[in-house]
Amino acid sequence: MASKKLQSIDSSSTRSQQSKLISISSDRLETRLTLKDLEELMEAFMPDDDYHGQQRRLTRNQFGDRLSDLVKKGSKEEYTELFDKIDITKEGIVDWDMFVQFMLLEFYEKDEKVKTTQVPQWKEIRVITSPHKDTIQRIELIKATNKYLSISKEGCIVFWDQYMKLQRSIKISTESVKPRDLWVTDFVLLPNVNKIAVAFTSKEIAFYDLSSKVDFNCQYKLQGLKGTPLCMDYWTNSENSNESILVFGDVMGNVFALCFSSAQIALFDRPSQAADSKQGNSNNNTTVHVRMKELLKENSKHTNCRVVYYSAHSGWVRQVKYVEHLECFISCSTGNNNSVIVGFIEKASTVMRTTSFKYYHGVHSFDYHQPMNLIATGSVNNQVCLWNPYVISKPVGILTGHMAAVVQVIVNNNKSQLLSFSKDKVLRIWDIQQQICLQRLAGMFPKGPEVFTRLYFDDIRNRLFVTFNYQLTMLEMKVEAHDRVMSHERPVTCAIFNSLYNQVISACQAGTVTVWMIDNGQKVKQFTDCHKTAEITTLELDHSKTRLFTGSADGTIKVWDFNGHCHHNLNVANGQPADISQIVMLKRSIVTIGWDKFVAVFRQNALTQYHVEPADWKGGKEHQDDILSAAYLPPSLLATGSYDGEIVIWNTNSEFVSKKLQQRSRQQLVRRPNTMASTASLPKDESSSLMLRPMTSDSQASELEFSFVISRLLFLKQRISMATPGSPFLGADLVSCGGGGWVRFWGTTRSTLLAEFVAHPHAGNVIATNDPDDQYLVTADSDGAMKIWDISEYLLVEPSETILSPPPVLASWQGHTDGINSVCICTRNSRLFIISASSDCSVALWDIRGNRVGEFGQEEHWKLDAIDAIGKIDEEDEDNETQIGDESLFKDFDINEIELESRASTAPEQIPLPVEFDPEFRANTWRQTVLGKAYQEGRMQKRERKQPGTVPGYKDYIEESAVGPYGILGYTDLEVMPVMRKPDFMLHPHKYFGEKSAKTGRKKPGQNTEQQEEPISLKEARHNLKAAFDEKTLFPKELLDFEAQIRIEHAQKLKSAAQNAFRKHKTVGILKSFATSSGNLASQATPSTAAIGSKVSSRVGSSTQASRQLGLTRHRASNLNLSENVGA
């Protein structure tokens, strides 16, 4: 099994500070110069009398000497290196103009690099109500009048102001076809003549005048085209407005270009006018019909219009464009052969010279970036290719990441970025220079079947218009916020809290997972390229909190440990791309959902191999639309919510449906024949806003349908635990939120909708989370706003009808500058905190009152106190209640006095807290039931267990504990040191030391007292001593007593060792006397006996001698040790 490891980067504050110092020291000199420094440097180049009023021209040595002396910043070597950078021509001299030019280019390149790599921040998508009833073909900006113009397939032209408010709409027609058969394919603006050219499927192009505010008359009609024109483009010379070119492509693969030489006078020559003025006036108001065959003739009467063309495409021409910088025409087609053609005009020929790119895939769209001289193409093989116009053999860059065909590409010239949109409604923003994806936007566009899409980017206002058939939407960039903390380099998609390690885990669109310490906000670890180039969409922990599950847009889920090792790869979509939105950990299985109508499940016992395939969900398909969210209630309930607003409750044991909640779903909307009646249940402000719009019932239905989208589901587990077998809980126990800012409370017992309200009126999408005790509900929207609701007393019992009023709001503020993608509540040091992750690349931490703690990754460390600051104020208020009467718990608390650094420039909306709010209140229904009373009596008879929060001094201990991994170590303050007894030579120095002589430092008359005394030598000090040091006064009595006891014990050991040696010596003497007596006996015995006796005596004698030597050796060793100890 091939295991994959990620690069783990440990981070600490010390290392970050060192890297910061290194980066600061390694900055170049030109980046460290300030405006004041440049003003001082300018004086070095200013003219004087020696230069006769001309600027100084400094050599290399002069440049280094003078500039380093003027500005005390940088060394001479740095200035000489700067001189070499400026003097690229090696002339040996530099003047002020050359220096300024170099600095401007240096900062320009730096600014351009920052612009290209900066991730754009978008406002919430805005659906614009329009009178279009068919597919919108194009939208353009009329720069002269600062208005927008859009046209649809049925011939409806709509004018919008700069705020996208409808001004007027006109229905055009042509006598060539019936109105029901009219089909507009494209239009283009002619700004130099204030006209508009509209192409029809009737093989004609009509030119309308925009000058008239009353009539929208047609001035010219170009008829008799070879094929139906599909796309057009118009160019005019900025220096000579008479020169202009209209180019169009048709369904037969032809590209025609009409080159006008006197456009402001007339596009086409009018027929000869009659003599009388009346006839002349009538001719001017009539439409001039021009045949294409007449323009192609060599001796055409239309002398101010020349036609050139080429036929090189094998399929329909999808887009054409004239590039002034290259002086050529570019066209693309979806055919496999000659998909991109470049045409050049020949002087004496009507047929253009063409060049085809060696690319054998169909191309839907292209755009040209002049600063880099690149052509970007979006093809049917899901790729975005970058081409050099002079290199047609292969692209210079290929941008991969789309999972469907790319239908349009647009260059953002302000930031040198590329926008690409694919058929699966995914928008990507690319950095052209580095060829990387900066941002991916998906799931925010209207969902439905395959639609016709057109994009238009307004680089003046930074607006992106996206059309979906007849629906018009707008995305607007937010104002860039500088000097803000960025937790990730890319937008953050999700963030969760690990209660085992007290860490926050966040993931971004770049596939990077970062682990943070919640106690100080600093980075601990970082894993990069978790799913290669795919984005991470969701995170989840297993039951042990030791394994991390990461879901990606590529349809896979990976299981990691916190050392960066991948243990399993779960294949959710069978190799196909799938945007996984949520991972739910059940008791014995893992459930995954996301943009699919089915529930994918993996069994825990199947996690034995690296690659794991999903098991079969027994319940099968129950949703009619894609499932977006889920919630699990142990032990056996699973709720899933889909895009159409349907909620399904599953039994996880049998994996079959238990019940369905369809009161706010698309199925319920379809059952209502009258759309106007479907808004009766909505609040007045929402229903009235829908009625006042000048739109059809279909558009009302589409907005209602989007309000049913469910993006989050939450079970109120604490409330459900109150239920008993004989008395089920009938209040609200399930919360759903999503499109349109709606929040709904459901009762799963009877499958009823108990309450609904708009939590965020102007937001497109809302997500929510709740605390473990179900006291607070936190909501966050796609605009970065956050709210905290008090739900402790909200819908504890079932109401008689659906409630439309929301619960009390405790706090409301602007948390982020972009949409919030994830929000969760965690508990740390007996306090509740809110973790929010946003598309502005930051992960923030807030307390339960909405006060900012900080952003993860900021330089300043924070410390989470065990006692809430607001809680302290509450206790003071409670102590003063007897004096000031019955007042609100938070009456004297002014939340506006707290500085919220990370909020927006606008002051956050502060909502006063209700008088009856009590944070310590807990709903208790046990006293009303027999089972509850019996359980309570049994609990009272048990021995009371000391909880950490009830132990005296526990909170003080936690509050004073250190932050970080050493916080769990117990320690107390150091004891007060007793007064030490000073030795006698310090108390009475005159007994031991004499007076200093003049040689050893005696002060002379007039000598300064601040001067240091000269040290004396050791010999001189010994002669000046009056008495020797006394150990009894130098060392403490305890130490001296301990040393005396050790000496006594050591003497006793020596005495016992000597006695043992003496006993052994006495035994040797006895053996010696025995050997002597045995020798005498041997002399009187027989020879044989004598021989035996001699052998015995010899052995005894040898052993006696050995024993004697051993005894002497031990005696000498004992005497030696005794002498050493005595000497010591």
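Residues numbered from 1 in each chain as written. Predicted model: local features only at pLDDT ≥ 70, side-chain atom pairs only at ≥ 80, totals over all residues. Heavy atoms only, no water.

## What to know about the overall build of the chain
The condition that has to hold: The secondary structure listing takes helices from DSSP runs of H or I that are at least 4 residues long and strands from runs of E that are at least 2 residues long, numbered from the N terminus. Buried residues are those whose accessible area, probed at 1.4 Å on protein chains only, stays under 20% of the maximum for their type, while exposed residues exceed 50% and partly exposed ones sit between those limits. When checking whether two residues touch, look at their non-hydrogen atoms; a contact exists if any pair is within 4.5 Å. All accessible areas in this document rest on Shrake-Rupley with a 1.4 Å probe, and a residue is counted as covered only by the protein chains that are shown.
Along its length, the chain carries 21 helices and 58 strands. Across the 1128 residues in the chain, those meeting the buried criterion constitute 46%. Look at the contacts in the chain between residues 6 or more apart in sequence, and 52% of them connect residues 24 or more apart. With the model as given, the accessible surface of the chain reaches about 60,300 Å², and the carbon-plus-sulfur share is 52%.

## Concerning the environment of Lys-171
Topologically, Lys-171 is positioned in strand S6 (residues 166–171). Sequence separation between Lys-171 and Cys-156 is 15 residues, and the spatial gap between their C-alpha atoms is 4.6 Å. Setting aside its immediate chain neighbours within four residues, Lys-171 contacts Glu-154, Gly-155 and Cys-156.

## Focus: the pairing of strand S3 (residues 136–142)
Using the following cut-off: Note: two strands are recorded as paired if DSSP finds a minimum of 2 bridges between them.
The element S3 is largely enclosed, with a buried count of seven among its seven residues. Relative to strand S4 (residues 147–152), S3 runs antiparallel, the two sharing six bridges. Across the sheet, the residue bridging to Ile-136 is Ser-152, located in S4. Linkage of S3 to S4, two consecutive antiparallel strands, is achieved through a turn of four residues, within which Asn-146 is found at a positive phi near 60°.

## Structural notes on the pattern of salt bridges
As a reminder of what qualifies: Basic side-chain nitrogens of Lys or Arg form a salt bridge, by our definition, when they fall within 4 Å of a carboxyl oxygen of Asp or Glu.
Enumeration according to the criterion identifies 19 salt bridges in this entry. Across the salt bridge formed by Arg-60 and Asp-84, the nearest N and O atoms sit 3.0 Å from each other. With a gap of 24 residues between them, Arg-60 in helix H4 (residues 60–70) and Asp-84 in helix H5 (residues 76–86) connect regions that are remote in the sequence. Given the relative accessible area of 35%, Arg-60 is considered partly exposed.

## Concerning H5
Note the cut-off: Note: the arc covers the axis-to-C-beta directions of the helix.
Listed as buried for H5 are Tyr-79, Thr-80, Leu-82, Phe-83 and Ile-86. Viewed end-on, H5 has its buried residues packed into an arc of 155°, placing them on one side of the element.

## Concerning the packing of H4 against H5
Stated precisely, the cut-off is as follows: Axis geometry follows a simple rule: fit a line to the C-alpha atoms, using only the stretch in contact for helices, then measure angles between N-to-C directions, giving values from 0 to 180 degrees. Orientation labels follow simple angle bins: below 35 degrees gives roughly parallel, above 145 gives roughly antiparallel, 65 to 115 gives roughly perpendicular, and whatever is left gives oblique. The sense of a crossing depends on the near helix, which, turned anticlockwise from the far helix by less than a right angle, makes the crossing left-handed and, turned clockwise, makes it right-handed.
As a packed pair, H4 and H5 sit with axes 8 Å apart at the nearest point and diverge in direction by 130°. Considering the angle they form, H4 stands oblique to H5. Considering the relative orientation of H4 and H5, their crossing is right-handed. Contacts between H4 and H5 involve Arg-60, Phe-63, Gly-64, Asp-65, Leu-67 and Ser-68 from the former and Lys-76, Tyr-79, Thr-80, Leu-82, Phe-83, Asp-84 and Ile-86 from the latter.

## Quick word on the sheet that holds strand S50 (residues 752–758)
One key point about sheets: their strands pair by backbone hydrogen bonds, in either a parallel or an antiparallel sense. The four strands lie next to each other as S47-S48-S49-S50, forming an open sheet whose pairing is antiparallel. A single partner strand is all that each edge strand has here, and the edge strands are strand S47 (710–715) and S50. With strand direction ignored, the average angle separating the axes of adjacent strands in the sheet is 20°.

## Describing the confidence of the model for the chain
Definition in use: Looking at any residue, its pLDDT shows the predictor's confidence there, from 0 to 100.
Residue-level pLDDT values for the chain average 77, and 71% of them are 70 or greater. Of the regions scoring below 50 in pLDDT, residues 1–26 engages in 36 contacts with residues more than four places distant in sequence or in other chains. Throughout residues 1081–1108 the model reports pLDDT below 50, and contacts reaching past four residues in sequence, or to other chains, amount to nine contacts.

## What about the side chain of Arg-664?
Here is the rule we go by: Any N or O atom pair separated by 3.5 Å or less is treated as a polar contact, with the protein-specific requirement of one donor-capable and one acceptor-capable atom, and with residues adjacent in sequence counted only for side-chain atom pairs.
Among the secondary structure elements, Arg-664 is positioned in the loop between strand S46 (656–661) and helix H9 (666–671). Its relative accessible area of 11% is what places Arg-664 among the buried residues. There is a polar contact of 2.8 Å between the side chain of Arg-664 and the side chain of Glu-756.

## With respect to the packing of aromatic side chains
Rule in force here: Under the pairing criterion, centres of Phe, Tyr and Trp rings, with the six-membered ring standing for Trp, must be within 6.5 Å; the plane angle then separates stacked pairs below 30 degrees from edge-to-face pairs above 60, leaving the rest tilted. Two limits define a charge over a ring: the Lys NZ or Arg CZ must be within 6 Å of the ring centre, and within 35 degrees of the ring normal.
Applying the stated criterion to the full structure yields 26 aromatic pairs. Consider the rings of Phe-260 and Phe-268, whose centres lie 5.6 Å apart with planes at 80°: the pair is edge-to-face. Take Phe-260 and Phe-268: they sit in the same class, and that class is buried. Centre to centre, the rings of Trp-516 and Phe-856 are 6.0 Å apart; their planes meet at 50°, and the pair counts as tilted. Residue Trp-516 is found in strand S33 (residues 513–517), and its partner Phe-856 is found in the loop between strand S58 (852–855) and helix H13 (869–879); the two are separated by 340 residues along the sequence. Accessibility classification places Trp-516 together with Phe-856 in one group, the buried group. A network of ring pairs unites the aromatic residues Phe-63, Phe-83, Trp-96 and Phe-99 as a single cluster. Directly above the ring of Tyr-309 sits Lys-226, whose terminal nitrogen or CZ lies 5.4 Å from the centroid.

## Quick look at the sheet that holds strand S18 (residues 340–344)
What the four strands build is an open sheet, ordered S16-S17-S18-S19; its pairing is antiparallel. Among the strands making up the open sheet, the edge pair consists of strand S16 (317–323) and strand S19 (353–356). If you compare each strand with its neighbour and ignore which way they point, the axes differ by 20° on average. Of the strand pairs in this sheet, strand S17 (residues 328–333) and S18 are connected by four bridges, and their pairing is antiparallel. Within the sheet, the bridge partner assigned to Phe-329 lies in S18 and is Gly-343.

## Here's the deal with the side chain of Thr-769
Within the secondary structure, Thr-769 sits in strand S51 (residues 766–770). Residue Thr-769 is classed as buried on the basis of its relative accessible area of 10%. In this structure, Thr-769 is in contact with Leu-714, Tyr-776, Leu-777, Val-778, Val-823, Cys-824 and Ile-825, ignoring residues within four places of it in sequence.

## Topic: the nonpolar core
Keep this limit in mind: We define the nonpolar core as a collection of buried residues of types Ala, Val, Leu, Ile, Met, Phe, Trp, Tyr and Cys that are connected through side-chain atoms lying within 4.5 Å of one another.
Grouped together as the largest cluster of nonpolar side chains are 28 residues, with contacts concentrated most on Phe-207, Leu-222, Leu-258 and Phe-268. In contact with Leu-258, other than residues within four places in its own chain, are Leu-222, Ser-244, Ile-245, Leu-246, Phe-248, Phe-268, Met-292, Leu-295, Cys-305, Arg-306 and Val-307.

## Some thoughts on unusual backbone geometry
Across the junction of Pro-634 and Pro-635, the peptide omega takes the value 5°, indicating a cis bond. Mapping Pro-635 onto the fold places it in the loop between strand S43 (627–633) and strand S44 (637–642). The backbone phi angle of Lys-545 is positive, close to 65°, even though this residue is not glycine. Relative to the helices and strands, Lys-545 resides in the loop between strand S35 (536–541) and strand S36 (548–552). With relative accessibility at 29%, the residue Lys-545 sits in the partly exposed group. Unlike most non-glycine residues, Leu-795 shows phi in positive territory, near 60°.

## As for the environment of Gly-315
Relative to the elements of secondary structure, Gly-315 occurs in the loop between strand S15 (305–311) and S16. Residues Gly-315 and Asn-338, spaced 23 residues apart in sequence, show a C-alpha to C-alpha distance of 9.1 Å. Non-local contacts of Gly-315, meaning those with residues more than four positions away in its chain, are made with Val-251, Met-252, Gly-253 and Ser-333.

## Here's the deal with the environment of Glu-327
By the element assignment, Glu-327 lies in the loop between S16 and S17. Linking Glu-327 and Gly-343, residues 16 residues apart in sequence, is a C-alpha distance of 9.1 Å. Residues within four places of Glu-327 in sequence aside, it is in contact with Tyr-322 and Phe-344.

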